Each structure stands twice: as structure tokens, then as C-alpha cells.
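Architecture and fold: a report
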Amino acid sequence: MEKHVKPGIKEIMESGTFLVSGEIGPPKGTDIDEMIEHIDLLKDKVHAMNITDNQSSVMRYPSLGTALIILEHGGEPNLQVTCRDRNRLAIEADLLFAYTRGVRSVLCLTGDSVPVGDHKEAKAVFDCESVQLLQLIRNMEEGKDSGGNELKGGVEFYKGAIVTPEAHPIEPQMLKFAKKIEAGAQWFQTQAVYDMDNFKRFMEKARKIDDKVKICAGLVLLTSMGAIKYMNANVPGVFVPDNLVQEMADAPKGEALNTGIRIMARQIRQCIDEKLCDGVHIMAIGKEGVVPQILDEAGVDISKM
Amino acid sequence: MIITTSKPFEEVLKQLEGEDKVFIIGCGLCSTTCETGGEEQVAEMKTKLEAEGKTVTGTIVYDEVCHELNTKRKFRENKEAVESADGFLVMTCGAGCQSVRESTEKGVHPANNTVFLGNILRQGNFTEKCSLCGDCVLEDFGAICPVTRCHKGILNGPCGGTDEGKCETDKEKDCGWTLIYNQLEKMGKLDRFQRIYGLKNWQASMKPGRVIFEKKGEGGE
Ligand code: SF4
Ligand code: SF4
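From a predicted model like this one, the values you see are computed outputs, not experimental measurements.

The subject of this paragraph is the overall build of chain A. Looking only at helices and strands, chain A has 11 helices and eight strands in total. Taking 2.2 N^0.38 as the reference for a compact globule, 305 residues should give roughly 19 Å; the C-alpha atoms of chain A span a radius of gyration of 19 Å, in line with that estimate. Dimensions along the principal axes, computed over C-alpha positions, put chain A at roughly 60 × 45 × 45 Å. Every one of the 305 residues in chain A was classed for burial, and the buried ones make up 56%. For chain A, contacts bridging at least 24 residues in sequence account for 79% of all contacts bridging at least 6. As presented, chain A carries roughly 13,000 Å² of accessible surface, and 50% of it is formed by carbon and sulfur atoms. Side-chain charges in chain A split into 36 positive and 45 negative, and the spacing between the mean points of these groups amounts to 2 Å.

Structure follows, in C-alpha cells:
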């Protein structure tokens, strides 16, 4: 079994350390050099790296394979598992493999629908969904597969899930959040939040439901006005508020990315200083190279946390 | 009702290559309502095929082409026209088409695509509300089906893609889970929403499905 070079997400969270995680988007193809550069760049700057699983239903290098590469390079992976492409047998088999290779943290997602991606005619699976996936893992931890059969050697994962603070209406999302906790979720990452006031209101609601479960704010880097317009129009559950749109619009030519970096650094600082949540998850979508800069500006150094 | 749409005429023609004498079958029920295989469409098809140089040996529209015994009987009643045909163009659902297959060894060709089990909102406006899963869970969801009306068929609440009550796959379509939530809230039964539904048995009605009534009254009753 692979040795952990670093403490897992569970240990970090349970020690009360503010978690800083990043994200690795695997490439479309076998050229993994750039991805490895990103892994090497991030592995000492963040506590853990999420690996997206055919994100947005676009086929890519697998999340499980990437998790192993992260381990090989001395990083800590957070394996995203979606229910879109695999049935319960395939998911269970993947989890067994992941466990034996040292993966200890799994983020359970339903997955985007097939038609939003680049294999629009594929057969969608959705044999189970996020809540059932959490339950399925808990059953495996108790030594049983979902068919009720004994496992020879079990698993133990730190089970994560997603919640969408910007969803409209929010009530069904909050009920589902509660269900995920009941099904075994130990920690959450949120979908992108930009409006920190709305995020605070969300956190109040969430804490009323459960005041112990760990919650990390999902922050997505703003890179350009075009990206903002696209997100506001097309990405459900993501909303960039007017003041940030204005701040980006006011950026001098060629300064959009730097403005985005400054905004995110400020948000990270606010999350820490105001103790809004238990950590942040940084999604730099393709601009992983600037994550160290963001953390510098935010004054965050995980070696001193 | 079974919802069908017409295949493009070119595709129909291609299927009939090498079969010059064609017998056309339509259905008086579903395909009539869908306007894909009623009297009118069958007559139209006859005209179009004849314009392409085909000989139509006969046409017939009857109820329940999917009824295999009934179809056999119709074949006997139309013996001559049926026997002189090289093949059959079936303007019904796929079940009707395969019912015809049981009555002949000749070419059997579908004129339609069979799309779903549909509800009729009004004439010419159909929507899918049940996908025949074999283990009906409507009772738990305020009689709104998550298996069918949620694009992902998920059982524990909306995915993160729902927005203003619409589905992430199509802004014109209601998010089934928002409908369910609203319905349960109206009924004061949100506790059902809070319950966790375990893995569903997707093999409750194993393909190919089969139901056989126990023989009733055998031996005289
Ligand atoms: S639960 Fe199954 S049987 Fe019931 S309406 Fe939905 S698809 Fe049809
Ligand atoms: S948006 Fe609603 S209907 Fe569409 S997949 Fe998600 S939960 Fe299902």
C-alpha cells in the first residue's frame, strides 16, 4: 500500500486546521506533462488536490489515474467520483482499487448530465446518485458491497460531498445537504460562491442543520469579463454579483487576471479572518499556475497553519 | 399511449430497396393519435410510394397491431394482398412492427421511430411521465415520477444543476425535483423528501418483460 507523505484531509480537518485545497483538471489525451507540472507546483502550496471526473461530461484522463500520479508525486488527492459513467459494480471496484493504492478521500457527486458534455449521444448511467453513493461507501466501510456480500478487506474513506449555496430555490438543496450528512458525508465543498454575504447566510442555514460537519467554500478564479458573462448566463448555481463584475470591468487592460487573483485572495482572507467556514477550495480552471500567487496575496502559507 | 414519430421518407424508401410490392399497415390507436400511422397517413404513404414506382398491394389500419393473434387474423383476412407483397411497411410502434414479424417471413420495415410512453397534453402535444421501471415509487413522491421527470432519474432530491425550477439539460423543461418538492410541500409531506432512498432495483422488470396471468376459472367455475 502506498505510503502517505502528507496528512490526509481527514487529519487536517479534524485537527481544526483551515483546509486549503486546489484542483487538477486532467488533460484530454495522454500528454500529462502539464498536469504533472501543476501537481508539482501545487503539492506543497495546498493541503490537497481535487481531481475532476470527466468534468462537465467531457471525456478526459481518469480521475483515479490522476489520484495515483498525485500520490506518486507526494501530494494528497481528493478523488472525485461521479455516478454518470459507472454503475454500482464499477464504482465499487474502482473504490477498492483506489483504497489499496492509498487514496483516502473521496468526493461523491451525481455528475453533470451527458448532453452538456462532448459525448452527447452516450448512454448515461446514474445507477445511483450522490446520496446513495455516500451510503454505498459507508456500507463498504462496514465490510459489505451493495449486493450485500462480504468484502475481503474493507475500505475507509473520508467522505465528502457538494452543496450549492447559490441554488434557486435553496430549500430543496438544504434538505439534500441534510440527507447527505445522514448518508455519511463528513465534509463538504461548495459549488462556486462569489457573493460572500449570500455565503454567510448559507452558512447560517447549514450550521443550523449541522454544526459539526466541515464546510469548505468553493472559490472559482475570475479570469476575464467574457468568463463572467458566460458563467452568469450558462452555469447553473453560479452567480457573480454586480460589485465584482464592476471591479473586473474597471481593471485596466491586461489586468483582468490580476484583478481576479486579488478578488480571490481577499475572499480567502475573509473566510479565514471571519471564520466563515472550515476551509477553501480553489478552482483556478486551467490557470493553476497562479494559485501560489493567490495564496501569497492572501498571506496563506500552509506550512505555517 | 405509445408515442411515435415518422422516419424521414428517404429512410423508408431505402429500407424498401428491392421490394417493389409493398403492403402497408397502420394502427387505429396510438399511431392514429400521433398522426404517424392512421388512415390519413397510410393513404399519403401509399401515394408517395406509388410516385416512387412501388406497387402497393394493399393497406390496412386496425386496432392493436401489437396484438399478435389479431394481426395473424388480419393477415388471413387479407390473404391475397398479403401474399402478393414483397414486404410490409409498418406505420405503428416497434411493438406493432414486431407483431407483424410474427406473421410473416418477408421483409418487415418500421416507418416510425418509437419514442416513449406518453401522456397527451392536447392533440399533437405529448410528454413522458413514466418510463415503465417496474417498481413504481410514485406514492413516495406526490405522484410525480423522479425516475422519468428528472433527467438523471435520481431519487434523493435535485442535482446541483437545477436553476429557477428548470433542468440543467434544457431551460424549457421543468426540473422534476422542483416539481416534486413543491408538490410534497403543498401536501405537507416534506418528510418524504427527507427520507433517504437506497439503491433502486433497476431489474424489477427485467428485459424482455413478461407478464402472464394465472389461468382463471380453469376446469370450469
Ligand atoms: S416509478 Fe417507475 S413505474 Fe412509476 S411512474 Fe416512474 S417510471 Fe413509471
Ligand atoms: S436539474 Fe432537476 S430534473 Fe434536471 S437532472 Fe437535475 S434534478 Fe434532475
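And the narrative resumes.
Secondary structure assignment for chain B yields nine helices and nine strands. Against the 2.2 N^0.38 benchmark of 17 Å for 221 residues, chain B shows a C-alpha radius of gyration of 22 Å, more extended than a compact globule. Expressed along its principal axes, the backbone C-alpha trace of chain B runs to roughly 65 × 55 × 25 Å. Per-residue burial for chain B yields a buried fraction of 40% across its 221 residues. In chain B, of all internal contacts separated by at least 6 residues, the share reaching a separation of at least 24 is 61%. Summing over all exposed atoms, chain B offers an accessible surface of approximately 12,500 Å²; the carbon and sulfur share of this is 48%.

On the surface, D31, D33, E34 and E37 of chain A cluster together into a negatively charged patch. Relative to the helices and strands, D33 of chain A is located in helix α2 (residues 33–42).

Listed per partner, the contact involves 29 residues of chain B and 30 residues of chain A. Summed over both sides, the interface between chain B and chain A buries roughly 2,500 Å², with carbon and sulfur atoms accounting for 58% of that surface. Our count for the contact surface shared by chain B and chain A stands at zero salt bridges. Linking chain B with chain A are 14 residue pairs in polar contact (both at pLDDT 80 or more). Broken down by secondary-structure element, the contributors of at least two residues to the side of chain B that touches chain A are α8 (176–186) and α9 (190–194) of chain B. Among the elements that take part in the side of chain B that touches chain A, α9 of chain B stands out by supplying three residues, more than any other. Here the residues of the side of chain B that touches chain A are counted per class, giving 11 nonpolar, 11 polar and seven charged.

Moving on: the environment of V61 of chain B. Residue and element names in this part refer to chain B. Its location among the elements puts V61 in strand β3 (residues 55–62). With 47 residues separating them along the chain, V61 and K14 place their C-alpha atoms 23 Å apart. When residues no more than four places from it in sequence are discounted, the contact partners of V61 are G26, C27, G28, G37, G38, E39 and V42.

Neighbouring ligand 1 are the residues C130, S131, L132, C133, C136, V137, L138, C145 and T148 of chain B. Here the residues of the shell around ligand 1 sort into seven nonpolar, two polar and no charged.

Turning our attention to the packing of α2 of chain A against helix α3 (residues 63–72) of chain A. The packing of two helices is summarised by the inter-axis angle and the distance between the axes. Residue and element names in this part refer to chain A. Contact pair α2 / α3: the axes reach a minimum separation of 10 Å and the direction vectors enclose 50°. Considering the angle they form, α2 stands oblique to α3. Of the two possible hands of crossing, α2 and α3 adopt the one that is right-handed. Counted together, M35, I36 and I39 of α2 and T66, I69 and I70 of α3 form the full contact between these two elements. Looking at side-chain class alone, the contact of α2 with α3 contains five nonpolar, one polar and no charged residues.

On to the site of ligand 2. All names here are of chain B. Ligand 2 sits among C150, H151, K152, P158, C159, T162, C167, E168, C175, G176 and W177. For ligand 2, the cavity whose grid points lie within 2 Å of the majority of its atoms is the largest cavity. Among the residues making up the shell around ligand 2, the classes are represented as six nonpolar, three polar and two charged.

What counts, and where the lines are drawn
- Residues numbered from 1 in each chain as written.
- Chains lettered and ligands numbered in written order.
- Predicted model: local features only at pLDDT ≥ 70, side-chain atom pairs only at ≥ 80, totals over all residues.
- Heavy atoms only, no water.
- Helix = DSSP H or I, 4+ residues; strand = E, 2+ residues; numbered from the N terminus.
- Rg over C-alpha atoms; globule rule 2.2 N^0.38 Å.
- Buried < 20%, exposed > 50% of the residue type's maximum accessible area, 1.4 Å probe, protein only.
- Contact = heavy atoms within 4.5 Å.
- Areas by Shrake-Rupley, 256 points an atom, 1.4 Å probe, with all protein chains shown as cover.
- Lys, Arg positive; Asp, Glu negative; His and termini not counted.
- Charge placed at Lys NZ, Arg CZ, Asp CG, Glu CD.
- Patch = residues over 30% accessible without salt bridge, like charges linked within 9 Å, V, L, I, M, F, W, Y side chains within 5 Å.
- Salt bridge = Lys/Arg side-chain N within 4 Å of Asp/Glu carboxyl O.
- Buried area = accessible area lost by both parts, 1.4 Å probe.
- Polar contact = N/O pair within 3.5 Å; in protein donor to acceptor, adjacent residues only side chain to side chain.
- Nonpolar A, V, L, I, M, F, W, Y, C, P; charged D, E, K, R; others polar.
- Near = heavy atom within 4 Å.
- Axes fitted to C-alpha atoms, helices over the stretch in contact; angles between N-to-C directions.
- Parallel < 35°, antiparallel > 145°, perpendicular 65-115°, else oblique.
- Left-handed = near helix turned anticlockwise from the far one by under 90°.
- 1 Å grid on protein atoms, 1.4 Å probe; cavity = no way out; pocket = protein on both sides within 12 Å on 5 of 7 lines; lining within 4 Å.
- Sits in = over half its atoms within 2 Å of the grid points.

Geometric values such as these leave the question of function open.
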